[in-house]
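Reading the structure
Read off the chains here:
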Amino acid sequence: MLRLFYAPGTIATATAVTLHEAGLAFEPVLVDFTAAEQTRPDYHNINPKGRVPALATKMGILTETGALLDYIAALAPSANLIPSDPFKAAKMREVMYYCASTMHVNHAHGRRGNRWADNQASWQDMTAKVPETMTASSAYIETCCLQGPFVLGNTFSLADPYLFTICNWLRNDGVDLSAFGGLSAYLRTMEARPSVKAVRAAGIL
């Protein structure tokens, strides 16, 4: 069975939702960030980066959310998590890569400033900037990426668990969601999915 190493509320949520959408059984394995388990040798043997998610498979360990989602889609092609049309598949990944390279980094500046700077005053500057950068990202997503109920209009794809997970951080990042009707509707649509309900009930989200 697949084993998903996660911490609650992290980007690992996207992998858990996708596993449910694919109908794949998995064992969730808690990595307790409050006890700094991600910094210890035992977990570094699983993921030397000390981050989640990590997915244990029969072939070995996989890390990085985009890679995990692609792997899950390949294991369960009947779930149709990747469009067959090359352009639509590229548009899906366009949003996924934006989530990874921009929105997640914007969010991390508020909590992981020590990754980029040693001076605590610099961390405070980065934290103060988060509401601005995440609001700008929200505007971009709503205006340029959401094509309907899901990222690809009426078609659910891998981009949706990824985007949904990051959008769950927006309120705590100081974003006024009342200014984004499309994103707010998107979050409600995703919350209604059985996969999200299952992940929330399991304490992963």
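The coordinates are above.
Residues numbered from 1 in each chain as written. Predicted model: local features only at pLDDT ≥ 70, side-chain atom pairs only at ≥ 80, totals over all residues. Heavy atoms only, no water.

Turning our attention to the overall build of the chain. Helices and strands together make up the secondary structure of the chain, namely eight helices and four strands. Taken from N to C terminus, the helices and strands of the chain fall in the order β-α-β-α-β-β-α-α-α-α-α-α. In terms of C-alpha radius of gyration, the chain reaches 17 Å, essentially the compact-globule figure of 17 Å for 205 residues. With the C-alpha coordinates aligned to their principal axes, the bounding extent of the chain is approximately 50 × 45 × 30 Å. Expressed as a percentage of its 205 residues, the buried residues of the chain come to 44%. (Helix = DSSP H or I, 4+ residues; strand = E, 2+ residues; numbered from the N terminus. Rg over C-alpha atoms; globule rule 2.2 N^0.38 Å. Buried < 20%, exposed > 50% of the residue type's maximum accessible area, 1.4 Å probe, protein only.)

Within the fold, Q38 resides in the loop between β2 (26–30) and α2 (41–44). In this structure Q38 comes out as buried when scored by relative accessible area, which is 15%. Dropping the residues within four chain positions of it, Q38 is found in contact with V31, D32, F33, Y43, H44 and G50. (Contact = heavy atoms within 4.5 Å.)

Before going further, it helps to spend a moment on the pairing of strand β4 (residues 60–63). Judged from the four bridges that link them, strand β3 (residues 54–57) and β4 form a sheet pairing that is antiparallel. Considered in β4, the bridge of T57 is made with G60. Connecting the antiparallel pair β3 and β4 is a turn made up of two residues. (Pairing = 2+ DSSP bridges.)

Extensive coverage of helix α1 (residues 12–22) is indicated by the burial of ten of its eleven residues. Taken together, the buried positions of α1 are occupied by A12, T13, A14, T15, A16, V17, T18, L19, E21 and A22. Taken together, the buried residues of α1 touch β1 (2–6), β2, β3, α3 (65–75), α6 (159–167) and α8 (194–201). At the C-terminal side of α1, G23 shows a positive phi close to 75 degrees.

Tallied over the entire structure, the rule returns eight salt bridges. Between K91 and E94 there is a salt bridge, with its nearest N and O atoms 2.8 Å apart. Separated by three residues within a single helix, K91 and E94 lie in helix α4 (residues 86–108), roughly one turn from each other. Look at E94 and you get partly exposed, because its relative accessible area is 37%. Two residues, D173 and R111, come together in a salt bridge whose shortest N-O distance is 2.9 Å. Of this pair, D173 sits in the loop between α6 and α7 (181–191) while R111 sits in the loop between α4 and α5 (120–145), and the two are 62 residues apart along the sequence. According to the relative accessible area criterion, D173 is buried, its value standing at 3%. (Salt bridge = Lys/Arg side-chain N within 4 Å of Asp/Glu carboxyl O.)

The next thing to look at is the sheet that holds β4. The mixed open sheet is built from four strands, whose spatial order is β2-β1-β3-β4. The strands lining the two open edges of the sheet, one partner per strand, are β2 and β4. Ignoring strand direction, the axes of neighbouring strands in this sheet form an average angle of 25 degrees. Alignment of β1 against β2, held across five bridges, turns out to be parallel. Bridging from a neighbouring strand, L2 pairs with F26 of β2. Against the sheet, α1 makes contact with β1, β2 and β3, and its axis sits at roughly 150 degrees relative to β1, the strand it touches most. Along the sheet, α3 contacts β1, β3 and β4; its crossing angle with β4, the most-contacted strand, is approximately 120 degrees. (Axes fitted to C-alpha atoms, helices over the stretch in contact; angles between N-to-C directions.)

Applying the stated criterion across every chain yields a total of three aromatic pairs. Residues F5 and Y43 carry aromatic rings whose centres are separated by 6.0 Å and whose planes lie at 55 degrees to one another, so their mutual orientation is tilted. In this pair, F5 sits in strand β1 while Y43 sits in helix α2, placing the two residues 38 residues apart along the sequence. A residue is classified by how much of its surface remains accessible, and Y43, at 5% relative accessible area, is buried. On the numbers, 4.7 Å between centres and 50 degrees between planes, the contact of Y98 with Y140 is tilted. Placement of the pair is Y98 in helix α4 and Y140 in helix α5, with a sequence separation of 42 residues. Assessed through its relative accessible area of 17%, Y98 is described here as buried. What makes Y140 partly exposed here is its relative accessible area of 30%. Positioned above the aromatic ring of F156, the side-chain terminus of R193 is 4.1 Å from the ring centre. (Phe/Tyr/Trp six-rings, centres within 6.5 Å; stacked < 30°, edge-to-face > 60°. Lys NZ or Arg CZ within 6 Å of the ring centre and 35° of its normal.)

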